[in-house]
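Coordinate inspection notes
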Amino acid sequence: MRNRLSFILLSIALFSCKTEILHSVSEEQANEIITVLSEYGVKAEKVGDGKGEKSAFNILVDEGEYGKSWNILKENGLPKEKIKGLSDIYQKQGLISSSIEERALLVQAIKGELEKTLETIDNVVRARVIISIPTSSQNPFTQSNENIGASVLLKVKKNTYLNKDTIKGILLGAVPSLDKEKISVEIVETQKSVAPKDISMTYIGPFLVSANSAKIFYTFIIGVMLVLVLVLSFSVFTIYRQRQKVEEEVAEL
């Protein structure tokens, strides 16, 4: 009985110390977020968003780690924005697009595919690509056109080295009509670095909790004890009143 009560109290205490930091993210992003946070010593967990969608999850962290967790996610570009690629742009539509609209859609789709490809490179947090095409170009991606240029902006983690020629090669592979001399690549590092650190743990009786959660745990335990005292006092008073009533009834007989 004692062990069961301890388990219940611990479970309630741990749950009460958690707070939601992200809502309704995909399972893939949820796993990535949990992995990144764990690298910085932050323990996070994912739970279903309760809307019946198996692929949507909420991310929970300790209340004392909320600010730190948010900074870590911001530094690492998480959660990532959904980038529209070819499959997203060219969905079945009811309206017939003009040649200009078709070209704009094609440029947007290739731009999205390039951004998704660049973000798969290690330590790349975000990638943005701009493709500059003259309005006179009818088939910019199928004919040689020296006027086509591109700009790439990469946000990377600190102390990350990327070869700009490699980045240009990726763009040239996707858009052969690009002029290599007109491809601009800018690489910027994240502004703030959050150094990983160990979680400070402490014992409260038989329970091992994080130092940041100790105060909350103490408050919870005191609250539970007060409730138990009130319940016990009420029970004793009720028993006393019932016994007194029985004695009075016996005395009247």
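Refer to the preceding data block for the structure.
What comes next concerns the included structure.

Definitions and cut-offs
- Counting restarts for each chain: residues are numbered from 1 in the order of the written sequence.
- Local features are withheld for residues below a pLDDT of 70 in this predicted model, meaning they are given only at 70 or higher, and side-chain atom pairs are given and counted only at 80 or more; totals for whole chains, interfaces and linings count all residues.
- Side-chain metrics rest on all non-hydrogen atoms present in the structure, leaving aside hydrogens and water.
- At least two DSSP bridges between two strands are required for those strands to pair.
- We count a stretch as a helix when DSSP gives it H or I for four or more residues in a row; a strand needs E for two or more, and each element gets its number in order from the N terminus.
- Each axis is a line fitted through C-alpha atoms, taken for helices only over the stretch in contact, and angles between the N-to-C directions span 0 to 180 degrees.
- Whenever a carboxyl oxygen of Asp or Glu lies within 4 Å of a side-chain nitrogen of Lys or Arg, that contact is scored as a salt bridge.
- Classification of residues uses two cut-offs on accessible area relative to the type maximum, computed with a 1.4 Å probe and protein chains only: under 20% is buried, over 50% is exposed, and between them is partly exposed.
- What we call a nonpolar core is a set of buried Ala, Val, Leu, Ile, Met, Phe, Trp, Tyr and Cys residues that are connected through their side-chain atoms within 4.5 Å.
- In this description, contact between two residues means that some pair of their heavy atoms is separated by no more than 4.5 Å.

**Details of the sheet that holds strand E4 (residues 124-132)**
Spatially, the three strands line up as an open sheet ordered E4-E5-E6, and their pairing is mixed. The open sheet has two edge strands, E4 and strand E6 (183-189), and neither has a second partner. If you compare each strand with its neighbour and ignore which way they point, the axes differ by 10 degrees on average. The pairing of strand E5 (residues 149-156) with E6 spans seven bridges and is classified as parallel.

**Concerning the pattern of salt bridges**
Following the criterion strictly, the structure yields four salt bridges and no others. As a salt-bridge pair, Lys-46 and Glu-27 come within 3.4 Å of each other at their nearest N and O atoms. A residue pair is termed long-range when its members are at least 10 positions apart, and Lys-46 in strand E2 (residues 44-48) and Glu-27 in helix H2 (residues 27-39) qualify at 19 residues. The exposure class of Lys-46 is partly exposed, given its relative accessible area of 29%. Owing to a relative accessible area of 37%, Glu-27 belongs among the partly exposed residues under this scheme. As a salt-bridge pair, Glu-115 and Lys-111 come within 3.0 Å of each other at their nearest N and O atoms. Within this pair, Glu-115 and its partner Lys-111 are both found in helix H5 (residues 99-118), separated by four residues, close to a single helical turn. With respect to class, Glu-115 is no different from Lys-111; both count as buried.

**Describing the nonpolar core**
General note: in soluble globular proteins, nonpolar side chains tend to be found buried as a group. In terms of nonpolar packing, the biggest core is built from 21 residues, with Leu-118, Ile-131, Val-152, Leu-154, Ile-167, Leu-171 and Leu-178 touching the most fellow members. Listing elements by their share of this core, those giving two or more residues are H5, E4, E5, helix H6 (164-174) and E6. The contacts of Leu-118, once residues within four sequence positions are left out, are Val-124, Ala-127, Val-129, Val-152, Leu-154, Ile-167, Ile-170 and Leu-171. Counting residues in each nonpolar core, the second largest holds 16 residues, with Leu-22, Val-42, Leu-73 and Leu-78 among its members.

**Description of the pairing of strand E3 (residues 56-62)**
Within E3, seven of the seven residues are buried, leaving the element largely enclosed by the surrounding structure. Here strand E1 (residues 18-26) runs beside E3; their pairing, made up of six bridges, is antiparallel. Paired with Lys-18 across the strands is Asp-62, a residue of E3. Across five bridges, the pairing between E2 and E3 is antiparallel. The residue of E3 that forms the bridge with Ala-44 is Val-61.

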